[in-house]
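# Overview (structure and organization)
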Amino acid sequence: MKILRIAVVALLLACKAAFTPTPLLISQLVDQKDQVSQLYMACTTGANYTPDKPGCDSKQLQDKVVSTMSLSKEFISADIKQPHGYVVYLSTAMIYFRIAQRAENDYSEAEMIARQFFEIQKATSTQPSGDARFYWVVMASGHASYQWYNDRLALNADRKADLLLCYAEGNLALVSFPSGPDKVLLVQDLNILKAITDSIK
Amino acid sequence: MIDWAGAFLSVLGAVSSSDKGIDPKYLAIKPRILSDDNILKGVAALRAVLTFIPPAALASPILGLGTTAFQIWKRIALMKEWDEVAYPPTDPNVMRLFVDLDPVLHAHFGDLTAPNNWDDRAISELEVVYHDFSFLTNADILKAKYPDIDPNYIETCVGKNKDLMQQNINAIEQVLVQAKQNPKVDAKLREALECLKDLFPAMKDWAFLSSDTFNEVLDMIDTVI
């Protein structure tokens, strides 16, 4: 009996050590996201990324972006239904793809996480949010554009079906999406998705 | 007699992964066994056996929060405003494809998108072009900046951008009407206008859309900036 009692306690402590719960991560995640934003703003002029700008530390920005994306994934896995982890991951991924290397694995993962965000929202609420649709369109158009140049064979009939679904959902988001630069980006990315899907036989 | 085996199983059952609610093929990131949802279930289950286990030996930080406090804490933590980046970065491959698929832009900037030239320098140069043709609403500015590009093409681009601006203005007008009633919203609106002013250098071009409400927006911008 005593052994079992010790085992229960040990199991609980082990669980706690191995899986830090979300409340302990959120402050850290918020801080990191704020730091990424500040570092990125220091490296931009208007809408353009200018790493040569005085005060810009592109290396630090890149390191912070990577660690924030990693922490966001921890946050998502702590509660896959909660939107905040997805929003932080995906908004940081947008910076990542602008400033860092652009590889198939990174694109693929970002698009899958955006899709998961959309599907989770679809399954748990009556309507997925505009954010979920926006990020799916952004990540899908980025990934598909990458495939256009580097892996054209991947743009097959199955991929076309996925992209068309994404395009349809993106158009739904457009109807009520808040005005501003994100909306401009959404429109442009939808145009890219349309052009790519039209080209797939 | 304490049913330790039962307590053990009830804890395990409470913290096990459940109700994902979506097709597993869309789960790029799998939920941890000790997700928030499951912690709350675990808190309830652990309380059932709390009397039989020395409290200090338990995962006290989790239990200490309690179900209600846990939710309140989390709500407060998550209510923090996100520090939004005013200008969303554009994916370089999207910019590249946009230029490649556009006959006019490709004729002028196709050298930047060519595989042998595609590097950080090309991306930076292309980014400026992409953003100019995506955001600017003043044809004169674009014509002056890109004298070699067909003026008719520029007019078409500007027309599209203006259409989108019109939607933005309509939305701003609606917010403005509401803002009059609420000082807090009014302050937020002023912040938003500041961002817009930065984003759209040709904002004065919006004057073509004259209305009382719009003039009020311009007055506010002049006050803010």
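Residues numbered from 1 in each chain as written. Chains lettered and ligands numbered in written order. Predicted model: local features only at pLDDT ≥ 70, side-chain atom pairs only at ≥ 80, totals over all residues.

When helices and strands are counted, chain A shows eight helices and two strands. Mapped in sequence order, the helices and strands of chain A form the string α-α-β-β-α-α-α-α-α-α. Within chain A, counting contacts between residues at least 6 apart in sequence, those at least 24 apart form 65% of the total. (Helix = DSSP H or I, 4+ residues; strand = E, 2+ residues; numbered from the N terminus. Contact = placed C-beta atoms within 7 Å.)

What follows covers the overall build of chain B. The helix and strand tally for chain B stands at ten helices and zero strands. The secondary structure elements of chain B, listed N-terminal to C-terminal, are α-α-α-α-α-α-α-α-α-α. Scored against the burial criterion, the 225 residues of chain B give a buried share of 25%. Restricting the contact set of chain B to residue pairs at least 6 apart, pairs at least 24 apart contribute 59%. (Buried ≥ 20, exposed ≤ 12 C-beta atoms within 10 Å, placed from the backbone.)

Looking now at the confidence of the model for chain A. Residue and element names in this part refer to chain A. Across chain A, pLDDT averages 87, with 87% of residues at or above 70. Mean pLDDT across the elements of chain A bottoms out in helix α1 (residues 2–18) (54) and peaks in helix α6 (residues 130–150) (96). This stretch, residues 16–21, has a pLDDT under 50; its non-local contacts, to residues over four places away or in other chains, come to eleven contacts. (pLDDT = per-residue confidence, 0-100.)

The next subject is the nonpolar core. All names here are of chain A. Within the largest apolar cluster, 72 residues are counted, with the highest numbers of intra-cluster contacts made by Leu 90, Ala 114, Tyr 135, Trp 136 and Leu 193. It is α6 that provides the largest number of residues to this core, a total of eleven residues. In contact with Leu 193, other than residues within four places in its own chain, are Val 137, Ala 140, Ser 141, Ala 144, Leu 163, Cys 166, Tyr 167 and Gly 170. (Core = buried A, V, L, I, M, F, W, Y, C linked by C-beta atoms within 7 Å.)

Here we come to α6 of chain A. Across its 21 residues, α6 of chain A extends 30 Å between first and last C-alpha, which sits within 8% of the 30 Å expected from 1.5 Å per residue. Most of α6 of chain A sits out of view: 18 of its 21 residues are buried. (Expected span 1.5 Å × (residues − 1).)

Before going further, it helps to examine the packing of helix α8 (residues 181–199) of chain A against helix α4 (residues 92–101) of chain B. The packing of two helices is summarised by the inter-axis angle and the distance between the axes. Relative orientation of the contacting elements α8 of chain A and α4 of chain B amounts to 65°, with a least axis distance of 10 Å. Two packed elements cross with a definite hand, and for α8 of chain A against α4 of chain B that hand is left-handed. From α8 of chain A, Gln 188, Asp 189, Ile 192 and Ala 195 of chain A reach across to α4 of chain B, where they touch Val 94, Leu 97, Phe 98 and Leu 101 of chain B. (Axes fitted to C-alpha atoms, helices over the stretch in contact; angles between N-to-C directions. Left-handed = near helix turned anticlockwise from the far one by under 90°.)

How large an interface is tends to be reported as the accessible area lost when its parts come together. Residues and elements named next belong to chain A. When its domains are assigned, chain A resolves into domain 1 (20–100) and domain 2 (123–201). Relative to domain 2, the C-alpha centre of domain 1 lies at a distance of 22 Å. Contacts between the two partners involve six residues from domain 1 and, on the opposite side, six residues from domain 2. (Domains from an automatic or database assignment.)

Before going further, it helps to examine the environment of Ser 108 of chain A. Residue and element names in this part refer to chain A. Turning to its location among the elements, Ser 108 is positioned in helix α5 (residues 104–124). Ser 108 gets classed as partly exposed once you count the C-beta atoms within 10 Å, which come to 16. Between the alpha carbons of Ser 108 and Gln 60 there is a distance of 25 Å; along the sequence they are 48 residues apart.

Further remarks concern the packing of α6 of chain A against α4 of chain B. The geometry of α6 of chain A relative to α4 of chain B is characterised by a closest axis approach of 8 Å and an angle of 60° between their N-to-C directions. In terms of crossing hand, the pair formed by α6 of chain A and α4 of chain B is left-handed. Contact residues: α6 of chain A offers Ser 141, Gly 142, Ser 145, Tyr 146, Trp 148 and Tyr 149 of chain A, while α4 of chain B offers Asn 93, Val 94, Arg 96 and Leu 97 of chain B.

A separate point is α5 of chain A. An α-helix turns once every 3.6 residues. As a result, residues three or four positions apart point the same way. All names here are of chain A. Across its 21 residues, α5 extends 30 Å between first and last C-alpha, which sits within 8% of the 30 Å expected from 1.5 Å per residue. Among all positions in α5, only Tyr 107, Ala 110, Glu 111, Ile 113, Ala 114, Arg 115, Gln 116, Phe 117, Phe 118, Glu 119, Ile 120 and Gln 121 are buried. Buried residues belonging to α5 abut α4 (83–99), α6 and α7 (157–176).

We now examine the environment of Ile 95 of chain A. With respect to the element layout, Ile 95 of chain A can be found in helix α4. Remark: the alpha-carbon pair of Ile 95 of chain A and Ala 161 of chain A, spanning 66 residues in sequence, is separated by 27 Å.

Now for the confidence of the model for chain B. Note that predicted coordinates carrying low pLDDT should not be read in detail. Residues and elements named next belong to chain B. For chain B, mean pLDDT is 66; residues scoring 70 or higher make up 39% of the total. Here helix α3 (residues 60–78) is the element of chain B with the lowest mean pLDDT, 46, and α4 is the one with the highest, 96. In this model, residues 49–65 is a region of pLDDT below 50 whose contacts with residues beyond four sequence positions or in other chains number 24 contacts. Below pLDDT 50 for its whole length, residues 79–83 participates in five contacts with residues either more than four positions away or in separate chains.

Residues and elements named next belong to chain A. By the secondary structure assignment, Leu 186 is in helix α8. Judged by the 23 C-beta atoms lying within 10 Å of it, Leu 186 falls in the buried class. Spatially, the C-alpha atoms of Leu 186 and Tyr 167 are 10 Å apart, while their sequence positions differ by 19 residues. Apart from the residues within four sequence positions on either side, Leu 186 is in contact with Phe 134, Val 137, Gly 170, Ala 173, Leu 174 and Phe 177.

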